[in-house]
Number of protein chains: 2
Amino acid sequence: MIVTPWEVRGKVDYERLIREFGTQPLTEELLKKIAGTTGKLHLQLQRRLFFSHRDLDTVLELYEKGTKFVLYTGRGPSGHVHIGHLMPWIFTRHLQEEFGVRLYFQMTDDEKFLIDDDATLPQTRKYAYENALDLIALGFKPEDTFIIYDVEDMDLLYDITLEVAKRITYSTAKATFGFQDSTNIGWIFWPAIQAVPCFIHKKLTGENVPALIPAAIDQDPYWRVTRDIAQKLGYYKPAQIHCRFLPGLGPGGKMSASEPETSIFTMDPPELVKHKIWAAFTGGKATATEQRKTGADPIVCSVFQYYVYLFEEDDKKLSKREHKCKSGEMLCGECKKDLVERLNKFLKEHQKKREKAKDAIEKYHIKRFS
Amino acid sequence: MIVTPWEVRGKVDYERLIREFGTQPLTEELLKKIAGTTGKLHLQLQRRLFFSHRDLDTVLELYEKGTKFVLYTGRGPSGHVHIGHLMPWIFTRHLQEEFGVRLYFQMTDDEKFLIDDDATLPQTRKYAYENALDLIALGFKPEDTFIIYDVEDMDLLYDITLEVAKRITYSTAKATFGFQDSTNIGWIFWPAIQAVPCFIHKKLTGENVPALIPAAIDQDPYWRVTRDIAQKLGYYKPAQIHCRFLPGLGPGGKMSASEPETSIFTMDPPELVKHKIWAAFTGGKATATEQRKTGADPIVCSVFQYYVYLFEEDDKKLSKREHKCKSGEMLCGECKKDLVERLNKFLKEHQKKREKAKDAIEKYHIKRFS
């Protein structure tokens, strides 16, 4: 298992990540506290797709006492967005609505340029714009959403970046991110830039509030470094809530940017979605006859995970589907057909909203006031 | 002898620097070529205060064939400017006038913040503004002068900075600048930013021309790295012309930022100038009687160097002064009195122009068009 900000490989053991990264599991008590504000727990909490955190308890306690927080998440625009990317964003939108808080969203077009030999700046800047459309399509409130495009908005970030960079030695960066002598100096500097949105709210509004970062757990190393210096700079330590990765459609849940057939992208046309789901790895048996007799295994099935993560909100129906799969009553073909329908319905809607987002995109830019 | 971009200590051996840095001496042939355009050679060339270069010959050949160049120099705004800082700027203004070329001037308020534990950003940004007044007071043409304040203007620099940073490994940066594990990641990144003004003219105008950098030789390591990557990015290698350091007023020509009495600052009042020159280290003897008999040594005298570098433009008069010193005809008191008068006359004028510069400063800002 390899889980770094730049690479996720192998079967991910989430319990082990909690231990190795030194984060906290999401407890029943914390979930109750959240439900105290949001009413019913969000699907992604109830199913423990968000499973780990740092300082979420502190943020909730402050919130109860009247100190708000801001949400911060982001995207490395190396290509188009897939369904797995949308998952934490959908949860983030939920938090924005329920808690009535701001979101700062960082498009790291500079980072993606620095870490990939073949990337060009026009490319990563174009994808930043494209990916922003997907974000906006999810229904974020413009008045509470501030998208930062690193390359374009560096003037806004640079002073805080310098304050952060001055307090991180090469030694710390090397130990945290595994930098080597062959790493370029832009990449080495970059962690300072990812820290800035944790702190920028104070610069813009004068209010000192903590940031809560919903994101996949591979980003955790950044926040370890940021947490170490936050208080020296007069800010709260950023809190995090970590989610699992939506498994890919390949064998063993493999998903890979170099194998686009292992993910469903938001711009995929219906026929391609059908083709990908039809070719997906499942927990099915070699023959229909065998599967009718002994049932299949939904736990290892990439198609079933799509229902768990996003496409079956009703717990009872999900449970029924699981049962029918295990018992052999429902074969993979039917289950795949259902998912293709749901996916294509979702994507049709999404693509429509994404198209509309083109007219609204400036309303979300952090520099819209300037 | 230690000569790095951050520290100059000991007696500087300029011949050795040419060998160690691998630069070229300024030859008679090159000087003639310059005089071909400028007419009479500038004092700082004639007296070999500029003594070394890289690719100056290439730049002059291109110029003869109709390809202009741009000038680039800068200042690390860690405090007020002294006479030694003005020296290469005065020469730069001369080149601007004679060759009719643009100057890009970088105020590295970010670097000075990063390399000094005690520095704050408001401080270095304030000094950048103060130092710009001194630059403008020297008579640079606003239409051909573009001052870059790094922190304020990072949006203009950032895309080229990324292109540069991506092509410098930590290994190269470490070898060139002596970075260590304890160096902060901002400092490690910073050489990429110093490279940018070499290339920015193309971004602003579409013209691809070389940059010629008049500066003290301690900055050479930056240009070695920049030269290595320039052509990969589609630019000319930046050329340099290197000057000596104006010796300080302390024993052995010592000058130190922590000992302000070893330098004359542009804002020093007349009485302070008098006091500093009166206390300066000279080549004089223990008693007036002895000096009248055996003469003094102008070579080691910090006061005499002020005449050589800036305050006696007439070669014959300089030679006469040297002779009178060596012969014992003129004692140190008289020589110091003369220098105090010249310095205070110069500073009175400079301070007046510096005051006027406050109204003109925006006309010199690189972002004046935006």
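Above this text is the structure in question.
Residues numbered from 1 in each chain as written. Chains lettered and ligands numbered in written order. Predicted model: local features only at pLDDT ≥ 70, side-chain atom pairs only at ≥ 80, totals over all residues. Heavy atoms only, no water.

Describing the overall build of chain A
For step 1, the next point in the chain: For chain A, the helix and strand inventory stands at 18 helices and 9 strands.
For step 2, the next point in the chain: Relative to the compact-globule value of 21 Å for 370 residues, chain A shows a C-alpha radius of gyration of 21 Å, a close match.
For step 3, the next point in the chain: For chain A, the spread of C-alpha atoms along the principal axes amounts to about 65 × 50 × 45 Å.
For step 4, the next point in the chain: Looking at chain A as a whole, 56% of its 370 residues qualify as buried. (Helix = DSSP H or I, 4+ residues; strand = E, 2+ residues; numbered from the N terminus. Rg over C-alpha atoms; globule rule 2.2 N^0.38 Å. Buried < 20%, exposed > 50% of the residue type's maximum accessible area, 1.4 Å probe, protein only.)

Points about the relation of the copies chain B and chain A
For step 1, the next point in the chain: Mapping chain B onto chain A calls for a rotation angle of 180 degrees and an axial translation of 0.0 Å; the resulting RMSD is 0.0 Å. Accordingly, the operation relating the two chain copies is best matched by a two-fold axis. Of every C-alpha in chain B, the one belonging to Asp155 of chain B sits nearest the axis of rotation, 2.4 Å from it.
For step 2, the next point in the chain: Here 100% of the contact residues of chain B are again contact residues in chain A; the copies associate through an equivalent surface. (Least-squares fit on C-alpha atoms with pLDDT ≥ 70 in both. Contact = heavy atoms within 4.5 Å.)

Structural notes on the sheet that holds strand β7 (residues 145-149) of chain A
Residue and element names in this part refer to chain A.
For step 1, the next point in the chain: Strand order in the open sheet formed by 7 strands is β3-β4-β9-β8-β5-β6-β7, with mixed pairing between adjacent strands. Here the strands that pair on one side only, and so sit at the sheet edges, are β3 (24-25) and β7.
For step 2, the next point in the chain: Pairing analysis gives 2 bridges linking strand β5 (residues 70-75) to strand β8 (residues 211-216), with the strands arranged parallel. Counterpart to Val70 in the pairing with β8 is Ala211.
For step 3, the next point in the chain: The strands touched by helix α8 (residues 150-165) are β6 (103-107) and β7; relative to β7, the strand with the most contacts, the crossing angle is about 105 degrees. (Pairing = 2+ DSSP bridges. Axes fitted to C-alpha atoms, helices over the stretch in contact; angles between N-to-C directions.)

Details of helix α2 (residues 28-38) of chain B
Residue and element names in this part refer to chain B.
For step 1, the next point in the chain: Those residues of α2 that sit buried are Leu30, Leu31, Ile34 and Thr38. For α2, the angular spread of buried residues about the axis comes to 100 degrees, placing them on one side. Among the exposed residues of α2, those pointing more than 90 degrees away from its buried face are Glu28, Glu29, Lys32 and Gly36.
For step 2, the next point in the chain: In this structure, the buried side of α2 is in contact with α3 (43-46), β4 (50-54), α4 (56-64) and α5 (83-99).
For step 3, the next point in the chain: Gly39 sits one or two residues past α2 and shows a positive phi near 75 degrees. (Arc of directions from axis to C-beta.)

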